[in-house]
Amino acid sequence: MANHGPSYGLSRELQKKNDARFVLEEAIEVLSWIENITGERFPFDVTTCESSTDVSNLLKDGLMLCKLIEKLDPSCKVVRNNKPKMPFHMMENISNFLAAAKKFGVMEISCFQTVDLYENKQCYKVIECLRLLAAVAQMRSSNSSHPAWVVKLAQSSPRQFPEAVMRRGEMVIPLQYGTNKCASQKGMSPYGLARQIKPDPHG
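Computed from a predicted structure; not experimentally measured. (Residues numbered from 1 in each chain as written. Predicted model: local features only at pLDDT ≥ 70, side-chain atom pairs only at ≥ 80, totals over all residues. Heavy atoms only, no water.)

S.K.: Explain the overall build of the chain to me, please; I cannot follow it from the model alone.
M.R.: In terms of helices and strands, the chain carries eight helices and zero strands. Taken from the N to the C terminus, the helices and strands of the chain come in the order α-α-α-α-α-α-α-α. Taking all 203 residues of the chain together, the buried fraction comes to 32%. Nonlocal contacts in the chain, meaning residues at least 24 apart in sequence, comprise 57% of its contacts between residues at least 6 apart. Total accessible area on the chain stands at roughly 14600 Å², and carbon and sulfur atoms take up 53% of it. (Helix = DSSP H or I, 4+ residues; strand = E, 2+ residues; numbered from the N terminus. Buried < 20%, exposed > 50% of the residue type's maximum accessible area, 1.4 Å probe, protein only. Contact = heavy atoms within 4.5 Å. Areas by Shrake-Rupley, 256 points an atom, 1.4 Å probe, with all protein chains shown as cover.)

Okay, here's the thing in structure tokens:
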């Protein structure tokens, strides 16, 4: 991981906001889900993670992510480096995972950037992307079991109305065509006009 040193000013404020959006409990749930899907274990117990740095260190080589997407989509074969040691090997694995996740159904706007994970820039985005990946997997394979935290995605349900029903709408004249039954500007004075003081006819 690159050593950028301490941040100050606006960069420090943005870092605080990003750290506040990271929820360790959610990250541990996602890591446990990855282990269950892949059938493999991380180098150390995920429940011992104490910060976003620990989480990113487990995922930054991209190897488990590539194995995850292959398990979720057996037809997908991700080109990966099985023994990533150099930074560009790890970042390439992450990039290949992101490309496969987009093809799987994860929206591009919900995907994180490679540096968000590798340099632990915005670890909360990584967790959000993986949670959405789990939701897409649930939608595509509704028969399999999924954790309780997986959110069910909404699906489109288009309505097809008969031609006779559609024709009935043409028989209704909307109010936009004109009416004299609603409010008007009668009695209103122009903006900026001086107050009109009129004598009382009964006085």
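The discussion continues.
S.K.: Hey, could you run me through the packing of helix H2 (residues 24-38) against helix H3 (residues 52-59) in this one?
M.R.: Packed helices, taken two at a time, are described by the angle their axes make and the gap between the axes. Here H2 crosses H3 at 20°, and the two axes come no closer than 10 Å. What the angle tells us is that H2 and H3 run roughly parallel. For the element pair H2 and H3, the recorded crossing hand is left-handed. Two secondary-structure elements touch here, H2 through Leu24, Ala27, Leu31 and Ile34 and H3 through Val55, Leu58 and Leu59. Considered class by class, the residues forming the contact of H2 with H3 number seven nonpolar, no polar and no charged. (Axes fitted to C-alpha atoms, helices over the stretch in contact; angles between N-to-C directions. Parallel < 35°, antiparallel > 145°, perpendicular 65-115°, else oblique. Left-handed = near helix turned anticlockwise from the far one by under 90°. Nonpolar A, V, L, I, M, F, W, Y, C, P; charged D, E, K, R; others polar.)

S.K.: Would you mind showing me how to read the nonpolar core here?
M.R.: Across soluble globular proteins, nonpolar side chains show a tendency to be buried alongside one another. By size, the foremost hydrophobic cluster in this structure holds 47 residues, and its most contacted members are Ile34, Val55, Leu59, Phe97, Phe112, Leu130 and Leu133. Listing elements by their share of this core, those giving two or more residues are H2, H3, helix H4 (63-72), helix H5 (87-104), helix H6 (114-118) and helix H7 (123-140). Beyond its immediate sequence surroundings of up to four residues, Leu130 is in contact with Val30, Trp33, Ile34, Leu59, Leu65, Leu68 and Phe97. (Core = buried A, V, L, I, M, F, W, Y, C linked by side-chain atoms within 4.5 Å.)

Note that every value here comes from positions in space, so none of it alone points to a role or purpose.
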